[in-house]
Amino acid sequence: MTDTLGTAGQRRGVTPPLFKLARALAATLLSVLLTIIGLLFVTFLIGRVMPVDPVLAIVGERASQEMYEAAYRSLGLDQPLYVQFWIFLKSVAAGDFGMSTLTARPVAEDVLRVFPATLELATLATIIGVCFGVPMGVISAVHEGRWPDHLVRLFGLFGYSMPVFWIGLMGLLVFYGILGWVGGPGRLDIYYEDIIPPVTGMILIDSLIAGDMTIFWNAVSHIILPASILGYYSLAYISRMTRSFMLEQLSQEYITTARVKGLSERAVIWRHALGNVMIPLITVVALSYATLLEGSVLTEVIFAWPGIGQYITNALLSADLNAVLGGTVVVGLVFILLNLLSDLLYKIVDPRAR
C-alpha cells in the first residue's frame, strides 16, 4: 500500500521532502563551487596581467639568465595558460598560496596571522553599525519628512561623503593627540605586545581568556577609534536601508489593521514592522560586514592596524604577487561564505523562503 501511494504521489507531481532538500543542497553547493572557481579564475588572470614579473621578485634583478630561466620553469610559467590555472587550482585547494617574498614565509601562514586582526576590527565595527544604524533608520522612517528624518539622513550623508583617511587622521589628532582619550596606532602599546599567548589571534578575546584586564582595556583603547570610524560607515549604510525597508512596511495594510485593533504604536513599529524588516536586513548586514572585512585598507594603514588590508597593501607596494593573490582569494572566499550564511539565515527567519 505504501509503495502504491508513493508511486501515485510521484505521478501526481508530489516530491518527497528529503529529495527536495537534497536537490536544494546540491544546487547550493554547485552554485558555491562555480562561484569559487570563477573567483579563482579572475584572481589568476589578475596575477597574469599585473605589470610585475614574479620571477624577478624571487631571484632578484641581478640573477643570471640561467637562474632566471630555471625559476621560470619551476613556477610553471613555461606551460600553457590552462595548465598554469590547473596548477593554481590544485595549490589553492591544498592551502598553498606560495611563499611571500616580503616576509619569507608561506602566504597561508601570513594570512592566518593577520586576518584575526581584521576580523576583530570589522566585527566590532559591524556591531556598532547595527546597534545604532537600525534604530536610527526606524526613527527616520517613522518621522518621515520631519526634523528627525532630516537629521538622520544628513548624518548618514556625511558617512558616505567624508573620506575615511581624513576622518581617521582627524580622529587621531583630536582624540589621541590632543585629548588623549584613546590609544594611538597599533593594537597595543608596545610594552604590552607579545605578552598574551595567541589563542584566537584577537587581542580582546585572548586577553579575556588569559584573565589580563590591563591588556584588555589597553586593547579597547586602541580599537575603539578605528572601529567607530568603520562603524560610522556601516551605520550610514544600514540606517539608509532600514529606513527604506521600514517605509515600505509602514505603508502596508497589516500595519493599518494593527493600529485599528488598538495595538500601541510601539508594538506596531518595533514588533510588527521591524519584525518583517529584519528579514531583508540580514542580507544588508552581511554585505556590510563583508565590505568591512575587505574594505578597511585605508583605516588599517592610518592606524597601523596589522590586518589583511595592510598586508595586501604592503605586498602590492613590494610587488609580492603571491601575497596579493593569496589575500585577494581569502577576501573573496569570505564574501562568498557570508553571502551563503545570509541566505541560510534568511530561510531560517522566513519560512516562506524554505
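Fair warning: this is a prediction, and the values are worked out from it, not measured in the lab.

**Q** Explain helix 7 (residues 147-161) to me, using residue names and the numbers behind them.
**A** Under the 1.5 Å per step criterion, the end-to-end length of helix 7 is 21 Å for 15 residues, consistent within 8% with the ideal 21 Å. P148, D149, V152, G156 and G159 are the residues of helix 7 that are buried. Down the axis, helix 7 shows its buried residues gathered within 100° of arc, on one side only. The exposed residues of helix 7 that point more than 90 degrees off its buried face are W147 and L151. Those residues of helix 7 that are buried lie in contact with helix 6 (107-142) and helix 10 (213-250).

**Q** Can you lay out the environment of A108 for me, pointing to particular residues and giving the numbers?
**A** With respect to the helices and strands, the residue A108 is situated in helix 6. Dropping the residues within four chain positions of it, A108 is found in contact with G95 and F97.

**Q** Can you tell me about the packing of aromatic side chains, naming the residues and giving the values?
**A** Taken as a whole, this structure holds eight aromatic pairs when the rule is applied. Ring plane angle 40° and centroid distance 5.8 Å describe the contact between F44 and F88, whose orientation is recorded as tilted. Taken together, the residues span a long stretch of sequence, with F44 in helix 2 (residues 17-49) and F88 in helix 5 (residues 81-93) at a distance of 44 residues. Each residue in the set F41, F44, F85 and F88 is aromatic and connected to the rest through ring pairs, giving one cluster.

**Q** Before we move on, can you summarise helix 8 (residues 164-178) with the specific residues and values?
**A** Along an α-helix, a turn takes 3.6 residues, which lines up residues three or four apart on a common side. With 15 residues, helix 8 should cover 21 Å at 1.5 Å per step; its first-to-last C-alpha distance of 20 Å lies within 8% of that length. Within helix 8 the residues assigned to the buried category are V164, I167, G168, G171 and L172. For helix 8, the elements touching its buried residues are helix 10 and helix 13 (297-302). One or two residues past the end of helix 8 sits G180, with phi positive at roughly 70°.

**Q** Go over the nonpolar core with me, naming the residues and quoting the values.
**A** Core analysis: the largest hydrophobic core is formed by 42 residues, its most contacted members being F88, L293 and I308. Of all the elements in the fold, those that place two or more residues in this core are helix 2, helix 5, helix 6, helix 9 (203-210), helix 10, helix 12 (265-294), helix 14 (308-317) and helix 15 (321-349). Counting residues per element, this core draws most heavily on helix 6, at nine residues. When sequence neighbours within four positions are dropped, the list of residues in contact with F88 reads L40, F44 and V329. Counting 17 residues, the second largest nonpolar core, distinct from the first, contains I238, I255, A273 and L274.

**Q** So what's going on with the pattern of salt bridges? Residues and values would help.
**A** On inspection of all chains with the given rule, the structure shows six salt bridges. Among the salt bridges present, the one from D110 reaches R105, with a minimum N-O distance of 3.1 Å. A residue is classified by how much of its surface remains accessible, and R105, at 33% relative accessible area, is partly exposed. Here E120 ties to R187 by a salt bridge, and the two come within 2.8 Å at their closest N and O atoms. Taken as a pair, E120 in helix 6 and R187 in the loop between helix 8 and helix 9 lie far apart in primary sequence, 67 residues in all. R187 shares its class with E120; the two are buried. Each member of the salt-bridge network shares a partner with another, and the members are R105, D110 and R113.

Calculation notes
- Residues numbered from 1 in each chain as written.
- Predicted model: local features only at pLDDT ≥ 70, side-chain atom pairs only at ≥ 80, totals over all residues.
- Heavy atoms only, no water.
- Helix = DSSP H or I, 4+ residues; strand = E, 2+ residues; numbered from the N terminus.
- Expected span 1.5 Å × (residues − 1).
- Buried < 20%, exposed > 50% of the residue type's maximum accessible area, 1.4 Å probe, protein only.
- Arc of directions from axis to C-beta.
- Contact = heavy atoms within 4.5 Å.
- Phe/Tyr/Trp six-rings, centres within 6.5 Å; stacked < 30°, edge-to-face > 60°.
- Core = buried A, V, L, I, M, F, W, Y, C linked by side-chain atoms within 4.5 Å.
- Salt bridge = Lys/Arg side-chain N within 4 Å of Asp/Glu carboxyl O.

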